[in-house]
Amino acid sequence: MPVDLHTHSSISDGSETPSTVVALAAEAGLGAIALTDHDSLAGVSEARAVGMELGVEVVSGVELSVDWGDRQVHVLAYFVEPEEPGPLQQRLGFLRRGRAERNAAIIRALSEQGISITAEDVAAEAVGAESVGRPHIAAALVRLGEVSTVAEAFARYLARGRPAYRPRPRLDLEEAAALTWSEGGVPVVAHPHTVGVSAAEYDAAFRGLVDAGIGGFECFYAEYTPEVRQRLAELATSLGVVATGGSDFHGSYKPEIEVGVGRGDLLVPDRCLEDLELARRT
Ligand code: AMP
Ligand code: ZN
Ligand code: FE
Ligand code: FE
């Protein structure tokens, strides 16, 4: 049965609860999913309880935004077990506190732009979330009628380079990768196109990321053509690391993406999860 190794729930910036994400995976005929909320593992136990009932294996995961030199990379840390908090999980609290401070700074910046938005407006969009971020602020701006869509909120105010953008503390990629391995996990680069290198630079960039401690790349990504998925998987394999895949499901925050199938044509083979398990250094 196929799998989906990249999903978000209402614990971070997905619209659906962990239970619903697993139910959608069961409906899609998946054998396993990884729940990979940003900076939080709080949804894993609920997802696992539902997964036991519905016959869907739930892999624990967390997505981290990290610095790699002057680039920003998203790392999916797999097999970081909430029942056994290790050195990576000890850093998640620091990252979430950084989010809280950053969100307050963004709200102040929006006020300076003449928009009356409060922390309560944002909290109303983040019910049940342990990890609150810009998508929740964007949703609040839509609800307040300041913009029409979440995408417009980013384009006008929240994206890097826009007036209400504010940075937040991040781990370095090397640190995130080392902490993930030391906690029995495997660090994987999510949606590698966002590393921001040209096609000609991919080989060198992947090699540099492996040298920095990365154990896999998300090759079977919803937004890629079959040719790109294949090429990335061959590159990962040639470097001796794992080719993984996922939809990056966010529910209504990314309405065109469905669990498992992405835009309709995604299929992540269960071999990806088997290879990921074999890569653990425990
Ligand atoms: P944060 O973690 O709070 O910095 O927010 C980052 C999240 O915002 C990403 O994981 C995306 O889901 C979402 N995001 C980033 N840029 C955009 C954009 N231009 N339009 C819509 N969503 C975005
Ligand atoms: Zn997200
Ligand atoms: Fe991401
Ligand atoms: Fe994601």
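Relevant structure appears above.
The structure contained in this document is the topic of the report that follows. (Residues numbered from 1 in each chain as written. Chains lettered and ligands numbered in written order. Predicted model: local features only at pLDDT ≥ 70, side-chain atom pairs only at ≥ 80, totals over all residues. Heavy atoms only, no water.)

Things to note about the coordination of the iron ion (ligand 4)
Ligation of the iron ion (ligand 4) by protein atoms is provided by His6 (NE2), His8 (NE2), Glu63 (OE) and Asp248 (OD), these donors lying 2.1 to 2.2 Å from the ion. Viewed at the metal, the 4 donor atoms of the iron ion (ligand 4) are separated by angles of 75 to 163°, and the geometry they form is irregular. The zinc ion (ligand 2) is placed at 4.4 Å from the iron ion (ligand 4). Of this pair, His6 sits in strand 1 (residues 3–7) while Glu63 sits in strand 3 (residues 57–68), and the two are 57 residues apart along the sequence. Here the two residues His6 and Glu63 agree in accessibility, since each one is buried. (Donors = N, O, S within 2.8 Å, 3.2 Å for Na, K, Ca; no water. Tetrahedral: all angles 85-135°; square planar, octahedral: opposite > 155°, others 65-115°. Helix = DSSP H or I, 4+ residues; strand = E, 2+ residues; numbered from the N terminus. Buried < 20%, exposed > 50% of the residue type's maximum accessible area, 1.4 Å probe, protein only.)

Brief notes about the pattern of salt bridges
Going through the model one piece at a time under the given rule, you end up with 13 salt bridges. Arg156 is the salt-bridge partner of Glu152, the closest N and O atoms lying 2.9 Å from each other. Of this pair, Glu152 and Arg156 both sit in helix 6 (residues 150–158), separated by 4 residues, roughly a single helical turn. With a relative accessible area of 37%, Arg156 lands in the partly exposed category. Residue Glu223 pairs with Arg263 through a salt bridge whose shortest N-O separation is 2.8 Å. Within this pair, whereas Glu223 is found in the loop between strand 7 (216–221) and helix 9 (226–238), its partner Arg263 is found in the loop between strand 8 (242–246) and helix 10 (271–278), the two being separated by 40 residues in sequence. (Salt bridge = Lys/Arg side-chain N within 4 Å of Asp/Glu carboxyl O.)

Some points on helix 7 (residues 173–182)
Considered for burial, the residues of helix 7 that qualify are Leu173, Ala176, Ala177, Leu179, Thr180 and Trp181. The elements touched by buried residues of helix 7 are strand 3, strand 4 (71–78), helix 3 (87–112), strand 5 (171–172), strand 6 (186–189) and helix 8 (202–211). (Contact = heavy atoms within 4.5 Å.)

Regarding the site of ligand 1
The immediate surroundings of ligand 1 are formed by Asp13, His38, Arg99, Arg102, Gly133, Arg134, Pro135, Phe154, Arg168 and His250. In this structure, an oxygen atom belonging to ligand 1 sits 2.9 Å away from a side-chain N or O atom of Arg99. Between ligand 1 and Arg134, the relevant distance is 2.8 Å, taken from an oxygen atom to a main-chain nitrogen or oxygen of the residue. Taken by itself ligand 1 offers 500 Å² of open surface, and the protein chains cover 70% of this. Elements supplying a minimum of two residues to the shell around ligand 1: helix 3 and helix 5 (134–143). (Near = heavy atom within 4 Å. Polar contact = N/O pair within 3.5 Å; in protein donor to acceptor, adjacent residues only side chain to side chain. Areas by Shrake-Rupley, 256 points an atom, 1.4 Å probe, with all protein chains shown as cover.)

Nothing here speaks to function; it is geometry throughout.
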